[in-house]
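Examining the three-dimensional arrangement
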Amino acid sequence: MATAEFGSAVRRWRDRVSPEAAGLPAGGHRRAAGLRREELAMLAGISVDYVTRLEQGRASNPSPQVVEALARALRLSGTERAHLFRLAGLLAPGGSTVPTHVTPSVQRMLDRLSGTPVAVFDASWTLLFANPPYAALMGDPSGWRSDERNSVWRHFIGPGSRARYTPEALRAFERALVADVRATFARYPDDPRLRRLVAELRARSERFAELWDSGAVGAHEAARKIIDHPRVGAVTLDCDVLSVSGSDLRIMVFTAEPGSEDADRLALLTVLGTQTLAH
């Protein structure tokens, strides 16, 4: 790894990204127009100390996940992203692996939805991006690492989510999850992370193994979801999953009917959650 060059590139690209371009407030005195280290750390989901050590050339061998997170937070183009991977001594994920790059154009769209709970997942349902309203609604994912960020793993092995399901809806949801992973596995059979995830799910979850071995089929559809929030109670929301053409990403958006009690609860929990995240 070209440690000094990697740090210089991160610092240079950080200086060129304005807070407004990253969807952050620009308040307070700033010595430079770009992002502060703590802002980059927050956007990438890594510690400020680690960003500092990377920029100063005191940390080496960042993982592919860290490099991808930095590329996303820095709004890098495809060419710039590939260069950052090369500086880290890594090959940028190509056509044989599940795409995880959130393009600058998609990121700009997400920035314009700053008041709406939005999250971006890759084709294996690993969380790539969650805005503050989504974190307030579904729980702060900033401390989640590795498989903890995968929704399939969290559902079948981990702690689950705040969504409430009827028995029938739960069966349909699980079939859709497993069908999604099966289809993704067929498209990216050589992705080592995906192969390991499927192997662990089959070994540790009887329900996942049963659905996988049965060839279960299903599809995610727009649905009404009840979210049991620990501070404001049950919130019923519309959940839409949008596909990004050419990138194999999924964008999950939660909305409430304007003027409804659920809209009021969503607004309240967003304010409470954002205040919590800010401290």
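Rules used in this analysis
Residues numbered from 1 in each chain as written. Predicted model: local features only at pLDDT ≥ 70, side-chain atom pairs only at ≥ 80, totals over all residues. Heavy atoms only, no water. Helix = DSSP H or I, 4+ residues; strand = E, 2+ residues; numbered from the N terminus. Rg over C-alpha atoms; globule rule 2.2 N^0.38 Å. Buried < 20%, exposed > 50% of the residue type's maximum accessible area, 1.4 Å probe, protein only. Contact = heavy atoms within 4.5 Å. Lys, Arg positive; Asp, Glu negative; His and termini not counted. Charge placed at Lys NZ, Arg CZ, Asp CG, Glu CD. Phe/Tyr/Trp six-rings, centres within 6.5 Å; stacked < 30°, edge-to-face > 60°. Lys NZ or Arg CZ within 6 Å of the ring centre and 35° of its normal. Pairing = 2+ DSSP bridges. Axes fitted to C-alpha atoms, helices over the stretch in contact; angles between N-to-C directions. pLDDT = per-residue confidence, 0-100.

**Regarding the overall build of the chain**
Per the secondary structure count, the chain includes 12 helices and six strands. Against the 2.2 N^0.38 benchmark of 19 Å for 279 residues, the chain shows a C-alpha radius of gyration of 19 Å, consistent with a compact globule. The dimensions of the chain, computed from C-alpha atoms along their principal axes, are 55 × 45 × 30 Å. Residues counted as buried form 46% of the 279 residues belonging to the chain. Sequence separation of at least 24 residues holds for 57% of the intrachain contacts in the chain that already meet a minimum separation of 6. The positive charge centre, built from 36 side chains, and the negative charge centre, built from 32, are 5 Å apart in the chain.

**A look at the packing of aromatic side chains**
The final tally for this structure, using the stated rule, is six aromatic pairs. Ring-pair connections join several aromatic residues into one group, and the members of that group are Phe 156, Phe 185, Phe 208 and Trp 212. In this structure, Arg 12 packs its charged tip against the face of Trp 13, placed 5.6 Å from the ring centre. Note that Arg 154 overlies the ring of Trp 144, its terminal NZ or CZ placed 3.6 Å from the centroid.

**Let's talk about the sheet that holds strand E5 (residues 233-244)**
Strand order across the open sheet formed by six strands is E2-E1-E6-E5-E4-E3, with antiparallel pairing between neighbours. Every other strand in the sheet has two partners, leaving strand E2 (127-130) and strand E3 (163-164) as the edge strands with one partner each. With four bridges connecting them, strand E1 (residues 118-121) and strand E6 (residues 249-255) associate as antiparallel partners. What sits directly across from Phe 121, in E6, is Arg 250. Along the sheet, helix H6 (residues 104-111) contacts E1, E2, E5 and E6; its crossing angle with E6, the most-contacted strand, is approximately 5 degrees.

**Looking at the side chain of Asp 147**
Relative to the elements of secondary structure, Asp 147 occurs in the loop between helix H7 (132-138) and helix H8 (151-156). In this structure Asp 147 touches Trp 153, Arg 154, Arg 196, Leu 197 and Glu 200, once residues within four positions along its chain are discounted.

**As for the environment of His 101**
Tracing the sequence through the fold places His 101 in the loop between helix H5 (78-87) and H6. Taking relative accessible area as the criterion, His 101 reaches 13% and is therefore assigned buried. Taking the C-alpha atoms as reference, His 101 lies 8.7 Å from Arg 81; in sequence the two are 20 residues apart. If near-sequence neighbours (up to four positions away) are discounted, His 101 is found in contact with Glu 68, Leu 76, Ser 77, Gly 78, Arg 81 and Leu 249.

**Concerning the side chain of Glu 68**
Checked against the element boundaries, Glu 68 lands in helix H4 (residues 64-73). Filtering out sequence-adjacent residues up to four positions away, Glu 68 remains in contact with Arg 81, Phe 85, Pro 93, Thr 100 and His 101.

**A word on the pairing of E6**
If a strand is regular, its side chains alternate between the two faces of the sheet. Within E6, six of the seven residues are buried, leaving the element largely enclosed by the surrounding structure. With seven bridges connecting them, E5 and E6 associate as antiparallel partners. Residue Val 244 lies in a different strand from E6, and its bridge partner there is Leu 249. Counting the residues between successive antiparallel strands, the hairpin from E5 to E6 contains four residues, one of them, Gly 246, with a positive phi of roughly 85 degrees.

**Considering the confidence of the model for the chain**
The predicted model of the chain averages 86 in pLDDT, with 92% of residues at 70 or higher. Across the chain, the secondary-structure element scoring lowest on mean pLDDT is helix H12 (residues 261-278), at 80, and the one scoring highest is H8, at 96.

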